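One letter stands for each residue in the lines below.
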Amino acid sequence: MATLAPIPHPPGWPWLGNIFDLDPEDSLKAIDAFAKQYGGIYTLTFFGNTLTIINSHAIAQELLDERRFHKSVVNNALETIRCLTGDALFTAYHGEENWGIAHRILVPAFGPASILGMFDDMYDILSQLVLKWERFGPKHAIDPADDFTRLAFDTIAYCAMSHRLNSFYTEGVPPFVAAMGSFLRESDGRASRPWFLTWLMRARNAKYEEDQRKMNELARQIVEERRANPGTRKDLLTAMLEGRDPQTGKTLTDENIMQQMITFLIAGHETTSGFLSFMMFYILSNPDVYAKLRAEVDAVVGQERMRPEHLSRLPYMTAVMRETMRLKSTIPMFIVTPFEDEVIGGKYLVKKGENLFVGVMNIHRDKEVYGEDAEEFKPERMMDGKFEALPPKAWIPFGNGQRACIGRAFAWQEAQLALTTLFQKFDFRLADPEYKLQINQTLTIKPKNLRIYATPRKDTTFNLGLAPTPSAVRPSKGTVPVETVVVDSKLKPMHVFFGSNTGSCEMFAQRLANDAPAYGFRATLGTLDSTKSEIPSDGPVVIITASFEGEPPDNAGQFVKYIEGVPGANAPFSDVRYAVFGCGNRDWVHTYQRIPKLVDATLASKGAQRLLERGEADAGGEGFFESFDDWESKLWPVLVETFGAVASKDPTAGLDVNMSAPTKRASTLRQEDAQLGTVLENKLLTKPGAIGSAKRHLEFKLPEGMSYRSGDYLAILPTNPVSSVRRVLARFNLTPEQEITISSSTPTTLPVGQPVNISDLFSGYVELAQPATRKNIEALIRRAPETGKTHDALLQLLVDYVPAVLEKRLSVLHLVETYQDIDITLSVFLTMLPAMRVRQYSISSSPLWDPTRVTLTIGVLREAALGDSQELFQGVASSYLASLAPGDRVQMAVRPSAAAFHLPADPAIPVVMFASGSGIAPMRGFMQERAAQKATGREVGKTILFYGCRSPEYDFLYGDAELASWVAQGVVEVRPAFSRATERSEGCRYVQDRVLHDREDVIEAFCRNAKFYTCGSIRVAVGVKAACMSIIEDLLKSEAHSNEHDPNVKTADDFWAKLVNERYAADIFG
Ligand SMILES: Cc1cc2nc3c(=O)[nH]c(=O)nc-3n(C[C@H](O)[C@H](O)[C@H](O)COP(=O)(O)OP(=O)(O)OC[C@H]3O[C@@H](n4cnc5c(N)ncnc54)[C@H](O)[C@@H]3O)c2cc1C
Ligand code: HEM
Ligand SMILES: Cc1cc2nc3c(=O)[nH]c(=O)nc-3n(C[C@H](O)[C@H](O)[C@H](O)COP(=O)(O)O)c2cc1C
């Protein structure tokens, strides 16, 4: 029996205890100081309550043993916030039923595949932050904690419940955010205040109630809206509304769902924003770290827009993140309590139910673990195997065991994406180079008074908007039917079992089962627990499983218990032939792959025959999906040989039809987010005979799960016009049926290693009409006869390159057609052609009209070629779109437009739009949105459209139909300018003339805080700007303006710059 000792205790006042020792804004400072004085464990008292704090890694080891201790929510700050979040995940008492149900439903939704699927949505919100900082300019001292809070808030709201909080577009603090902030501050106060003091604070209590009401109201509204319009978005809210607990079959109540949503907002915003802010501080305070980090970002991601594949290729950044988390864990403590009275540290008695504070930040600075330099920021200690070599539970910023953070992967991806993109875009420096870190503390911690400057980098051309956004991995859609059987009497039996909580093992298992028929097997598929203690022996058994805190996934526990429990003496599994693949994460250093290893070793030790060495994939490392592909490619030959299966020549063997081909082109062309949409309508908007390009209206059914905002773009992956492909075939003397196989020693966007039809290749993979480059022409010269007309002509083109080739847009195809004596092979020709590009089109509809459908308004480019008037030039994408018929399938992806090019969140704000031709596209979406809002009784501000076209009869797009009806409904006022019928537009020829004509309306809208948008050709943008400048100059001279004079606005240029910064957005094409 140990000799007990009292826990060290700094002296305090009677009853009040140590209350005066702590600074309420930064209690950690005193807690740290006491830790230095009193060591690994001590107690503080407040108003008679005792608080025990553990600071050493050695004692914490005991507290983190889930057999002896569990999370405590009784008599502490977490219990205070239960009035809002009830038994949702964060604040549920230990063992409360709803925790288990929600945990089992939600863990898959927070799994690696789901989180990767949120990549683009995270990017969407992040671009709003980047644009804001860009607009601030280099002289504005940014409060990173404030903007990272907006980022984290909007990201979790959008990714979890598809709700846009629009914090970046709201003046001041958005009401929901304000309510949550004041609720948390008061909760914190209540936790450390005697109840009667709280009782006396009537005004505060009323505010506390009001804050809760506001938050509940928003949550209720979101749930009700989703129930009314389920849509196709698969987010966490859908998982909660549709999910059923696999263990009890129960679902979550609406009240619980609301509490979970508020929980995610609370748990997911302060933590991540504090994390990012501390990271900024450490990086900017350590120039060498800054330099290394930026070098890594530039080398790995460069000028590209970040893609999911990059996440695992930034080891130094990962180390910076881990080291920041070590020194400044944004949840600096969590609370546990023993199941029974316990003795810890060999001599300290702690009572059942007593709150014990695990002092994460002090444990993270324990010199026994981290050495004498534990206080210093050194990312290097977190990389090259050193992180993995740390003792168990020495790095615990995300909590412990089953109550550890469910949002860890979410926060990690969000932070990594933000950090990478911000360092791609900006140079940063501390506003005050002498700044010393101070802490702001509520439930979490953040830096206080940290300010930074962000200057757009001059050494890169990184651009947020237009780069492609392929996401390497899409989340697995739905769950597989357990015990699926693919029947074919000629196929051999095979059994695939998975243990999976968050879906990745299940996804891999599904893939194996799908692939099985092609290798001569019919596969059953089920969870490990579905084996019901009988492991099949009539064919190979393939097991794919994960581990969670070293334990089996929820659907594998009985299986693991069974194989461990069976006595091994008689080799009970001698009939079983098996292979194991494990998914794990090296962050769980000591239990990495524990369950796959255990299953593999146990089966072998009890007689089963291993068919293939265990494979493994690290969800936190590089090549998670590739690791499985490698292993699968080794597995099939072994299975085919061992079981004498006959790999099928017929790819549709079994019932599994692989329909992957149509999207393959998109992924080969690295447009991985493109999916297939369906054409619903394609109609001509202009009258035949109209001057200029024909304009068309197309309507598409969006691919499942794709969503948009009005003002966004639709990227289209087109095919070349048939006539262009025919020209290639003719030049190279090929028939359309010809198949070729391409091999390449370097990465390429051509389809390699498989036969491909030549027409498909030239139709879909390369651009045929791009101007030849100088290098192309040099290469053609080398292949032309050494002397003679062709040689001279090509040389002349090189000399006059810009006017003769570039401006006339002479393509390589045109040149090899014109100069038939150029001796060029098909492969050389192919290498000269750029990869097929996607084209973006402004979406001309609003999701309020239909979230699953989009429309485009396009101009079809079809005219005599600039370089040869006998040749017809056909724009690739516009001709392709023009040729589509209802039912056709099209590769498409929604791409977010610049943050500023969206309607203001408040529909009451007036809007003024300037457009011409197909530039009406986004404006139509805006008007449709406002019409829908008005129809539901919302107040819609004055909306004016200035629109330029040639005449009311021929090309006044949507003039007779929607525009007239929206005008009649009072949604919009249309001010046309008909260049060929000025008598019908108040004598105005162009948009800018109409703007000047209606200047009073423009000024009035401006004074009412309107937002302004321009879309169309550069000519329109220039004209509109000139007209606005003229109005501004008059305005500056007028008394009306001098009354409200902004001292920073002295000239019309200043005025325009301010307008562009705050209220004007333009989308220019053509
Ligand atoms: C953000 C954004 C939004 C857009 N929104 C819309 C929209 O809503 N509606 C819309 O119609 N378009 C829109 N566009 C333009 C659209 O993306 C395409 O650029 C347009 O449809 C032409 O593409 P294409 O493939 O048909 O032509 P391409 O095959 O790409 O050919 C265009 C190129 O050919 C050149 N060219 C033009 N005429 C000739 C000629 N006679 N001889 C030789 N070369 C010539 C042009 O200089 C240009 O470089 C938008 C563009 C952007 C960037
Ligand atoms: C850097 C960011 C984050 C940090 C440091 C962090 C840290 C933690 C810690 C320490 C706990 C355990 C608390 C305890 O034991 O009382 C926890 C739990 C939790 N976190 Fe996080 N968190 C972060 C981000 C997120 C995000 C983004 C979400 C939501 C999307 C989230 C949701 C939760 C939830 C729901 C729990 C309770 C889990 C349970 O008890 O079942 N967290 N987090
Ligand atoms: C809470 C939690 C605990 C985890 N514990 C471990 C672990 O102990 N060992 C390990 O190798 N991986 C661990 N992982 C990583 C998972 O095993 C890994 O993400 C795996 O891909 C999940 O597979 P699944 O999606 O099929 O459930 C853990 C992940 C989470 C979220």
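As annotated in an unreviewed UniProt entry, the protein is Cytochrome P450 from Exidia glandulosa HHB12029.

With respect to a nonpolar patch on the surface
Taken together, the side chains of Trp15, Phe196, Leu197, Trp199 and Leu200 present a nonpolar region at the surface, about 550 Å² in accessible area. By the element assignment, Trp15 lies in the segment before helix H1 (27-38).

Some thoughts on the site of ligand 2
Not every one of the 26 residues close to ligand 2 is listed here, only the nearest: Lys71, Trp99, Ile156, Arg403 and Cys405. Residue Lys71 places a side-chain N or O atom 2.8 Å away from an oxygen atom belonging to ligand 2. Contact between ligand 2 and Leu89: an oxygen atom at 3.2 Å from a main-chain N or O atom of the residue. Contributing elements (two or more residues each) for the shell around ligand 2: helix H13 (254-285) and helix H18 (408-425).

Examining the packing of aromatic side chains
Scanning the entire structure with this criterion turns up 40 aromatic pairs. Residues Phe275 and Trp412 carry aromatic rings whose centres are separated by 5.8 Å and whose planes lie at 20° to one another, so their mutual orientation is stacked. Placement of Phe275 in helix H13 and of Trp412 in helix H18 is noted, with a sequence separation of 137 residues between them. Looking at Phe275, the relative accessible area reads 1%, which means it is buried. Ring centres of Tyr947 and Phe956 lie 6.0 Å apart, and the angle between their planes is 20°; this geometry places the pair in the stacked category. Taking the relative accessible area as the measure of exposure, Tyr947 reaches 1% and is therefore buried. Taking relative accessible area as the criterion, Phe956 reaches 18% and is therefore assigned buried. Joined through ring pairs, the aromatic side chains of Trp133, Phe148, Tyr290, Phe423, Phe426 and Phe428 make up one cluster. The ring of Tyr370 carries Arg326 above its face, with NZ or CZ at 4.8 Å from the centroid.

A word on the site of ligand 3
Neighbouring ligand 3 are 21 residues, the closest being Ser500, Thr502, Ser504, Glu549 and Thr591. Take Trp588: an N or O atom from its side chain is 3.4 Å from a nitrogen atom of ligand 3. One nitrogen or oxygen atom from the side chain of Thr591 is found 2.6 Å from an oxygen atom belonging to ligand 3. Coverage of ligand 3 by the protein amounts to 89% of the 640 Å² it exposes when considered alone. Sorting the residues of the shell around ligand 3 by element identifies helix H19 (504-515) and strand E16 (577-584) as the ones contributing at least two each. A per-class count over the shell around ligand 3 returns nine nonpolar, 11 polar and one charged.

Some points on the packing of helix H32 (residues 920-935) against helix H33 (residues 959-968)
Interhelical geometry of H32 versus H33 gives an angle of 40° and a closest axis separation of 11 Å. Relative to H33, H32 is oriented oblique. Seen along the crossing, H32 lies across H33 with a hand that is left-handed. For the pair H32 and H33, contact is made by Ile920, Arg924, Met927, Gln928 and Ala931 and by Glu962, Leu963 and Trp966, respectively. Considering only residue class, the contact of H32 with H33 consists of five nonpolar, one polar and two charged.

So, the sheet that holds strand E28 (residues 911-916)
Read from one edge to the other, the open sheet built from five strands follows the order E30-E29-E28-E31-E32, with strand pairing classed as parallel. Looking at the sheet topology across the chains shown, the edges are occupied by strand E30 (973-978) and strand E32 (1064-1068). Neighbouring strand axes in the sheet, compared pairwise and without regard to direction, differ in orientation by 10° on average. The sheet contact formed by strand E29 (residues 943-949) and E30 spans six bridges and is parallel. Its bridge partner being in E30, Cys949 is matched across the sheet by Phe978. Strand contacts of helix H36 (residues 1018-1037): E28, strand E31 (1011-1016) and E32, with the helix running at about 145° to E31, the strand carrying the most contacts.

A look at the pairing of strand E7 (residues 356-359)
The two faces of E7 match: Leu356 and Val358 on one face and Phe357 and Gly359 on the other face are all buried. Two strands pair when backbone bridges link them, and strand E2 (residues 49-54) and E7 are joined in this way by three bridges, in the parallel orientation. Along E7, the bridge assignment pairs Ile53 with Phe357. The pairing of strand E4 (residues 333-338) with E7 spans four bridges and is antiparallel. When the sheet's bridge partners are listed, Met333 is paired in E7 with Gly359.

About the thresholds
- Residues numbered from 1 in each chain as written.
- Chains lettered and ligands numbered in written order.
- Predicted model: local features only at pLDDT ≥ 70, side-chain atom pairs only at ≥ 80, totals over all residues.
- Heavy atoms only, no water.
- Patch = residues over 30% accessible without salt bridge, like charges linked within 9 Å, V, L, I, M, F, W, Y side chains within 5 Å.
- Areas by Shrake-Rupley, 256 points an atom, 1.4 Å probe, with all protein chains shown as cover.
- Salt bridge = Lys/Arg side-chain N within 4 Å of Asp/Glu carboxyl O.
- Helix = DSSP H or I, 4+ residues; strand = E, 2+ residues; numbered from the N terminus.
- Near = heavy atom within 4 Å.
- Polar contact = N/O pair within 3.5 Å; in protein donor to acceptor, adjacent residues only side chain to side chain.
- Phe/Tyr/Trp six-rings, centres within 6.5 Å; stacked < 30°, edge-to-face > 60°.
- Buried < 20%, exposed > 50% of the residue type's maximum accessible area, 1.4 Å probe, protein only.
- Lys NZ or Arg CZ within 6 Å of the ring centre and 35° of its normal.
- Nonpolar A, V, L, I, M, F, W, Y, C, P; charged D, E, K, R; others polar.
- Axes fitted to C-alpha atoms, helices over the stretch in contact; angles between N-to-C directions.
- Parallel < 35°, antiparallel > 145°, perpendicular 65-115°, else oblique.
- Left-handed = near helix turned anticlockwise from the far one by under 90°.
- Contact = heavy atoms within 4.5 Å.
- Pairing = 2+ DSSP bridges.

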